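Fold and contact review
Listed below, chain by chain, are the residues.
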Amino acid sequence: GESDLIQSYSTDAPSIFRGKGPQFFGVELEVEANDIPECAERVHNKVGEFAILKEDGSLKEGFEIVTSPCSIEEHKKLWIPFFESGKRGLTSFDTKTCGLHVHASREPLSELTVAKIVVFVNSQSNRPLVELIASRASGRWAEYKDKKLGTANKTNLERYEAVNLKNAATIEFRIFKGTLKKESFFKALEFCDAIIKFCSPANRTLGDAIHGGIFVNYVIKNKGEFPHLAAFLSAKWLKIETKESKQFGFTTENNQE
């Protein structure tokens, strides 16, 4: 059965910006549901003020939750009710179909910053790091392709790239596997925020801006700003358990969700 709470694929979430700019993020979380009408109602009750539910052709029995543009701080407040009691009957991580896509405002970013981000995410030498953070390898919905700085920021006509530049207003990170674990969800959002901030300063040389190790150090040093990502990288990448990694449930084992 269908639900009238689920809108057609072409519907856009309302452009109501929440939180402090200039950087806003719009999230698309794909979920499979064991009972679409019942799950749609429960999810709508938790996210209805800032997100819509949409059909998605890549899912078997589910929908995607698509938010209005929010600051990271607003996302962290607004999603809590969903993670605390709205996700029953849903799956995301343990399916082959579900992804988590994050759109980031393009207007505050220089062309050089966009190019550095694209080169970083697609770089062969960063592949183990990026796939670890994304919780999945490259697939047909988000292909990694080696990029050169001079052309990396050119709008690709190919939507299914790791960083999709087809939309004039946003850059879209398509790398993440879906998740219903709050800490993994916030880790993904923080990665998008962190890579933008890491690639933005003009004084960070290109070599440094696309260097995975320097990025990891930057995140750990600024863990107050990126707490979930820093805890995740400590445990999973550096294999060091911290107070925060324990608190967030990121262990040094190779399991994820």
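It should be emphasised that the depicted structure is a prediction, and the values quoted were computed from it without experimental measurement. (Residues numbered from 1 in each chain as written. Predicted model: local features only at pLDDT ≥ 70, side-chain atom pairs only at ≥ 80, totals over all residues. Heavy atoms only, no water.)

Brief notes about the side chain of Gln23
Relative to the assigned elements, Gln23 resides in the loop between β1 (6-7) and β2 (25-33). Assessed through its relative accessible area of 14%, Gln23 is described here as buried. Within the structure, the side chain of Gln23 is placed 3.0 Å from the backbone oxygen of Ser105, a separation counted as a polar contact. Aside from chain neighbours lying at most four places away, what touches Gln23 is Ser71, Ala104, Ser105, Pro108, Leu109 and Ile196. (Helix = DSSP H or I, 4+ residues; strand = E, 2+ residues; numbered from the N terminus. Buried < 20%, exposed > 50% of the residue type's maximum accessible area, 1.4 Å probe, protein only. Polar contact = N/O pair within 3.5 Å; in protein donor to acceptor, adjacent residues only side chain to side chain. Contact = heavy atoms within 4.5 Å.)

As for helix α1 (residues 36-47)
With 12 residues, α1 extends 16 Å between its outermost C-alpha atoms, agreeing within 8% with the 16 Å of an ideal straight helix rising 1.5 Å per residue. When α1 is considered as a whole, its buried residues turn out to be Ile36, Cys39, Ala40, Arg42, Val43 and Val47. Relative to the axis of α1, the buried residues are bounded by an arc of 165° and lie together on one face. For α1, the elements touching its buried residues are β1, β2, β3 (51-54), β4 (62-67), α3 (80-86) and β5 (90-91). At the N-terminal end of α1, a side-chain oxygen is found 3.2 Å from the backbone nitrogen of Glu38, two or three residues along, and the residue is Asp35. (Expected span 1.5 Å × (residues − 1). Arc of directions from axis to C-beta.)

Let's talk about the side chain of Ser245
By secondary structure assignment, the location of Ser245 is in helix α11 (residues 243-248). Apart from the residues lying within four places of it in its own chain, the contact partners of Ser245 are Ala231, Ala235, Ile240 and Phe250.

Here's the deal with the packing of helix α7 (residues 182-199) against helix α9 (residues 212-221)
At a minimum axis distance of 11 Å, the contact between α7 and α9 shows a crossing angle of 110°. By the angle between their axes, α7 is roughly perpendicular relative to α9. Here the hand of the crossing between α7 and α9 comes out right-handed. Residues Phe191, Ala194, Ile195, Lys197 and Phe198 of α7 form the contact with α9, whose own contacting residues are Ile214, Phe215, Tyr218 and Val219. Here the contact of α7 with α9 is built from residues that sort into 8 nonpolar, no polar and 1 charged. (Axes fitted to C-alpha atoms, helices over the stretch in contact; angles between N-to-C directions. Parallel < 35°, antiparallel > 145°, perpendicular 65-115°, else oblique. Left-handed = near helix turned anticlockwise from the far one by under 90°. Nonpolar A, V, L, I, M, F, W, Y, C, P; charged D, E, K, R; others polar.)

What about the pairing of β4?
The side chains of a regular strand alternate between the sheet's two faces. Among the 6 residues in β4, 6 count as buried, and that is most of the element. On β4, burial covers both faces: Gly62, Glu64 and Val66 on one face and Phe63, Ile65 and Thr67 on the other are all buried. The pairing of β2 with β4 spans 5 bridges and is antiparallel. From the neighbouring strand, Glu30 faces β4, where its bridge partner is Glu64. (Pairing = 2+ DSSP bridges.)

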